[in-house]
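Summary of the model geometry
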Amino acid sequence: MRYEMMFPYQIRAAIDENWPVVLPLGVLEYHGEHLAVGLDTLVVIKSVEILEKEIDLVLLPPFHYGAASYAVEPPERNGTLHVDADKLYPFAREMFKGLLRIGFRNIHFFVHHQTENFAAGMPTDLAFKFGASQAIFDFLQADRGEGWWGDSKMADYYSQQSTGSDPFNWIKGHPLMTSEIIAQFPFDHAAQGETSLLMALCPEGVEMERLDADKWYTKSAETASVALGEKGRDLILDHMRDVLGVK
Ligand SMILES: [Zn+2]
């Protein structure tokens, strides 16, 4: 369900049944002349929208305003909108704290921007990961008081880490494409992989006749196809079902 369309009784049911709550996270960034600037966020949104029809989940309004960087092209007349990660962090911290206050304990964000090495992290995902862990500390301290971790009720803390009852599992960040997916599907910027993915997930965001094949990073988009995009989409949906625990 779309969060903004939910009634309080539905929110209470989603909390009681521990539905996954999913934030599509991304940027607005120049993706060549042939692709919509919202690509990185759109591919997340469209994937989650497919899952939302299949399973019980809460789809939060997406956040497009990540730290795009101007590494690809300058913003003037090209469209990249960059917000620095040090401004994202306090926003993420407050937003996650608010979601915990509502009662959600199964929160996930998916991001597809500079995520080819997700374990190391890049500014957008690191700001949201940092915001998430700090929000959990803030919430626990306000809820349980100082010394909450040392309390005897936490004696099984280390053995609970993999099972989900560890509070630091309440919010998890995921790349849209894992290293296993990247081994089977091209990870690129505005080239064959991303162009194919948008063709499959959001065809109105692709105008192939505008492709500028002189730019090194868009050249392979010439070989993009809906079929390849559908392969990527299916790998992504499998990964999402897996991390949301609905497989
Ligand atoms: Zn992209």
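What you see is a predicted model; the values in this text were computed from it and never measured.

Let us now look at the overall build of the protein chain. A tally of regular secondary structure across the protein chain gives eight helices and four strands. Each helix and strand of the protein chain, placed in order from N terminus to C terminus, yields the pattern α-β-α-β-α-β-α-α-β-α-α-α. In summary, the protein chain has a C-alpha radius of gyration of 19 Å against a globular reference of 18 Å for 247 residues, a match within 12%. C-alpha atoms of the protein chain, sized along the principal axes, occupy 65 × 35 × 35 Å. Relative to its 247 residues, the protein chain shows a buried fraction of 49%. Within the protein chain, residue pairs in contact and separated by at least 24 positions form 74% of the contacts whose partners lie at least 6 positions apart. The averaged location of the 36 negative side-chain charges in the protein chain is 4 Å from the averaged location of its 21 positive side-chain charges.

It is worth spelling out the environment of E33 at this point. Relative to the elements of secondary structure, E33 occurs in the loop between β1 (21-25) and α2 (39-54). Owing to a relative accessible area of 44%, E33 belongs among the partly exposed residues under this scheme. Of note is the side chain of E33, whose polar atom sits 2.6 Å from the side chain of Y30.

The next subject is the coordination of the zinc ion. Protein-derived coordination of the zinc ion comes from H31 (NE2), D40 (OD), E194 (OE) and E194 (OE), at a distance range of 1.9 to 2.5 Å. Between the four donor atoms coordinating the zinc ion, the angles at the centre fall across 54 to 133 degrees, so the site counts as irregular. All donor residues of the zinc ion come from one chain, and their arrangement in sequence is H-x8-D-x153-E. Of this pair, D40 sits in helix α2 while E194 sits in helix α7 (residues 192-201), placing them 154 residues apart in sequence. On the accessibility criterion, D40 (2% relative accessible area) is buried.

Below, the discussion takes up the environment of E180. Along the chain, the position of E180 falls in helix α6 (residues 179-182). For E180, a relative accessible area of 53% gives the class exposed. Taking C-alpha positions, E180 is 9.2 Å from L235, a pair spaced 55 residues apart along the chain.

What follows deals with the packing of α7 against helix α8 (residues 226-243). Viewed as axis vectors pointing N to C, α7 and α8 meet at an angle of 85 degrees, and their least axial separation amounts to 7 Å. Looking at the two axes, α7 sits roughly perpendicular to α8. Mapping the contact onto sequence places Q192, S196, L197, M199, A200 and L201 in α7 and V226, L228, G229, E230, G232, R233 and I236 in α8.

Calculation notes
- Residues numbered from 1 in each chain as written.
- Predicted model: local features only at pLDDT ≥ 70, side-chain atom pairs only at ≥ 80, totals over all residues.
- Heavy atoms only, no water.
- Helix = DSSP H or I, 4+ residues; strand = E, 2+ residues; numbered from the N terminus.
- Rg over C-alpha atoms; globule rule 2.2 N^0.38 Å.
- Buried < 20%, exposed > 50% of the residue type's maximum accessible area, 1.4 Å probe, protein only.
- Contact = heavy atoms within 4.5 Å.
- Lys, Arg positive; Asp, Glu negative; His and termini not counted.
- Charge placed at Lys NZ, Arg CZ, Asp CG, Glu CD.
- Polar contact = N/O pair within 3.5 Å; in protein donor to acceptor, adjacent residues only side chain to side chain.
- Donors = N, O, S within 2.8 Å, 3.2 Å for Na, K, Ca; no water.
- Tetrahedral: all angles 85-135°; square planar, octahedral: opposite > 155°, others 65-115°.
- Axes fitted to C-alpha atoms, helices over the stretch in contact; angles between N-to-C directions.
- Parallel < 35°, antiparallel > 145°, perpendicular 65-115°, else oblique.

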